[in-house]
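Topology and contacts: notes
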Amino acid sequence: MIRYLLAYIFLFIGIHLTVGQATFYAHVDDEKVYQGSFFKIEYQLSDAKGRSFEAPNFKDFKVAAGPTRSFQTTVVNGRTNSFEGYSYTLKALKEGDYVIQPAAITVGNKRIKSNPVHISVLSPLKQEDLLSKGAPSGEQYFIVAELNKDTAYSGQQILLDYRIFSKINVENVEFRSMPDLSDFYWQGLHLINESVDKVEISGEVYSTKLLKRFTIFPKRVGEHDLDPAQIMLMIPKSKRRGFFFNNYENKYAQSNGLKLVVRELPDNVPKNFSGLVGSYTMQALSPSNQLTTDDALTVRMRIKGNGDSNRFSIKPISTSSKLEAYEPKIISRNNDQNQKKKDHFAVIEYLYTTSEPGKYKVQPEFVYFDVDSNAYVTLKSKELTFNVKQGSGTRKENKEKPVFEYVRADGQNFGQRSLMVQVPTLRWMWLLLLLSGMTFTFFKWSFIRSSRKEIVLSLEEHAIQELTNLQTTSSDSFAHRIEEILGDYYRRKYQITESNWSMNTLQDTLKIAGVHDEAIQRAIDLFNRCKFAAYAGVQQAQRLDWITEAIALVERK
């Protein structure tokens, strides 16, 4: 109960110390897709509740599925982030370059729009295209490594993909070696429920699936050679040996190598360049614009983009000479990997004081290098106006401990009054929030304590019922449904969020829960078999064994 109460208190502290500005962002799986293939577009609203969602006209594409709505809430270091998503699966119909116009949603009394999305639809895959990447000819299976760009700037995000093409059933893959990425900042992305597509390559039909995706950020300019990756494939033989043991043979495949050319940024670097390279948005606001000379003028800037956050350098904002500037601080930062690329955001707080009443204007700006236009771009918000009245002159004599301690640009200390003192109404808000939080926490704790056993049992019974009904499921979706049912069961039972779902997370969670190592390995093995069974389907004679095996996992037998 105590941890719920503490989390609730810190949640509201985070609300008052960070920007509650809503963002509405559109993103896609891939900005380049092949004609006839499918891709997913998602509209994500963060830090707000929306209504009256309106999708754009997908006139150049066919809507295969959607909209699918999703919700997620996370608490990190006392700060709550909420995400509300609307996703569609679209089919690319015709080769060309397209722009999907913004979607719209209402937040409060304001109608906001997402960003437009650019999609390039490429001509259908041909064998000669894959051969140019180093793929073997006439093979039953092969691995292709791809970069989404062959040339880039230092600090720009590049996607490194490994994709399998196969005409036979492959039940698992294991990467035995990867290229040297010491010249990059890099990170592997979690691929959840990655789809299997059918493609025709020079008259031959292959199943294809994205196996791994890395985001890499070049640290130095010049040519970079990425060696081939070595991959082991687990391929089932014609007969199975038993319930727990499968008769597999291991085959080895090698991807093609890659070359990436990294360029220097142009020489005309602006004085207030942030160091970030990519695509960015910026928003700015102030908690209050009616102040006295006893108060601090506060400006908060929120940036979001896809560049290398390690290169971020905070720059000051030009203001009136009558305003005394203090060292800006990053009060919140995070990475967003809910999509198939890595975004990051940061909230920067700027603090000013003045001893002279009057009207002051501050116009926040943010400078980055835009990779689409190959130019330095300056983002400016609207001017923020502060009306400052004469105060009581007690700011410097205030002995209360500040919420934050700021350092003035010239190195001198500044005793800032706490937010509770600056805004008296916050004291009543905090008291009401604390009391309501304690009440909510008590009832939630009581409910969870009294009903946990019934919830677990209902999850097991529901999963077993769903698995039992799979005997009538079509062979094309059989393996996928087992993966869905087991995944939903484990996520709900062990409270694993969709964004954190992976085989590594499941394995660690089951170990912490005391599940036997053999049962864990059986679960991982079944998930892996389900993922790759779509290449050749599951034979009718095997389906009952798979169902029995899944039920045994739920019952922990």
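Since this is a predicted model, take the numbers as computed values, not measurements.

Taken together, the buried positions of helix H6 (residues 503–512) are Met 503, Leu 506, Thr 509 and Leu 510. Buried residues of H6 fall within an arc of 130 degrees about the axis and therefore sit on the same side. Turned more than 90 degrees away from the buried face of H6, the exposed residues are Asn 504 and Ile 512. The first or second residue beyond H6 is Gly 514, which carries a positive phi of 85 degrees.

One pass over the full model with this rule turns up five cavities of 30 Å³ or more. Of the volumes computed, that of the largest cavity is approximately 90 Å³. In terms of lining residues, the largest cavity is bounded by 13 residues, among which Tyr 490, Val 515, Ala 519, Leu 553 and Arg 556 are the most central. The set of elements that each furnish at least two residues to the lining of the largest cavity consists of helix H5 (475–493), helix H7 (517–533) and helix H8 (540–555). Here the second largest cavity defines a volume of roughly 70 Å³.

This part takes up the packing of aromatic side chains. Following the criterion strictly, the structure yields 20 aromatic pairs and no others. Note on Tyr 43 and Phe 53: the rings are 5.9 Å apart at their centroids and 55 degrees apart in plane angle, and the pair reads as tilted. With Tyr 43 in strand E3 (residues 38–46) and Phe 53 in strand E4 (residues 50–54), this residue pair connects regions lying 10 residues apart in the sequence. Comparing Tyr 43 with Phe 53, the two get one shared label, buried. Measuring from ring centre to ring centre gives 6.4 Å for Tyr 162 and Phe 214, while their planes differ by 90 degrees; the resulting arrangement is edge-to-face. Taken together, the positions of Tyr 162 in strand E13 (residues 158–166) and Phe 214 in strand E17 (residues 204–218) put the pair 52 residues apart, joining distant regions of the chain. Above the ring of Phe 345, the side-chain terminus of Arg 302 is found at 4.4 Å from the ring centroid. Positioned over the ring face of Tyr 494 is Lys 493, at 5.6 Å from the centre of the ring.

Attention shifts here to the sheet that holds strand E31 (residues 384–389). Think of a sheet as strands paired side by side through backbone hydrogen bonds, with each pair either parallel or antiparallel. If you walk across this open sheet you meet the three strands as E24-E31-E28, and the pairing is mixed. Since the sheet does not close on itself, it has two edges, and those belong to strand E24 (290–292) and strand E28 (358–362), each with one partner. Between one strand axis and the next, the sheet turns through 35 degrees on average, direction left out of account. By the bridge criterion, five bridges tie E28 to E31 in an arrangement that is antiparallel. The residue bridging Val 362 from the neighbouring strand is Leu 384, located in E31.

Next up on the list: a nonpolar patch on the surface. A cluster of nonpolar side chains, contributed by Leu 431, Leu 434, Leu 435 and Met 438, occupies part of the molecular surface with about 340 Å² of accessible area. Take Leu 435: it is sitting in helix H4 (residues 425–468). Accessibility expressed as a relative area gives 48% for Leu 435, which makes it partly exposed.

Judged by how many residues are buried, strand E27 (residues 343–353) sits mostly within the fold: 11 of 11 residues are covered. Burial along E27 is two-sided: the residues Asp 343, Phe 345, Val 347, Glu 349, Leu 351 and Thr 353 and His 344, Ala 346, Ile 348, Tyr 350 and Tyr 352 are all buried. Bridge analysis of strand E25 (residues 297–305) against E27 gives nine bridges, and the strand direction is antiparallel. Paired with Arg 302 across the strands is Val 347, a residue of E27.

On the basis of which strands lie adjacent, the open sheet formed by three strands has the order E4-E8-E9 and antiparallel pairing. Of all the strands in the sheet, just E4 and strand E9 (110–113) have a single pairing partner and so form its edges. Direction aside, the axes of adjacent strands within the sheet are offset by 25 degrees on average.

In the predicted model, the chain carries a mean pLDDT of 76, and 75% of its residues have values of at least 70. Predicted confidence for residues 4–20 stays below pLDDT 50, and this span has 39 contacts to residues more than four positions away or in other chains. Confidence drops under a pLDDT of 50 for residues 451–457, and excluding neighbours within four residues, the segment shows one contact in the predicted structure.

So, how was this worked out
- Residues numbered from 1 in each chain as written.
- Predicted model: local features only at pLDDT ≥ 70, side-chain atom pairs only at ≥ 80, totals over all residues.
- Heavy atoms only, no water.
- Buried < 20%, exposed > 50% of the residue type's maximum accessible area, 1.4 Å probe, protein only.
- Helix = DSSP H or I, 4+ residues; strand = E, 2+ residues; numbered from the N terminus.
- Arc of directions from axis to C-beta.
- 1 Å grid on protein atoms, 1.4 Å probe; cavity = no way out; pocket = protein on both sides within 12 Å on 5 of 7 lines; lining within 4 Å.
- Points joined across faces, edges and corners; volume = space filled by probe spheres on them.
- Phe/Tyr/Trp six-rings, centres within 6.5 Å; stacked < 30°, edge-to-face > 60°.
- Lys NZ or Arg CZ within 6 Å of the ring centre and 35° of its normal.
- Pairing = 2+ DSSP bridges.
- Axes fitted to C-alpha atoms, helices over the stretch in contact; angles between N-to-C directions.
- Patch = residues over 30% accessible without salt bridge, like charges linked within 9 Å, V, L, I, M, F, W, Y side chains within 5 Å.
- Areas by Shrake-Rupley, 256 points an atom, 1.4 Å probe, with all protein chains shown as cover.
- Salt bridge = Lys/Arg side-chain N within 4 Å of Asp/Glu carboxyl O.
- pLDDT = per-residue confidence, 0-100.
- Contact = heavy atoms within 4.5 Å.

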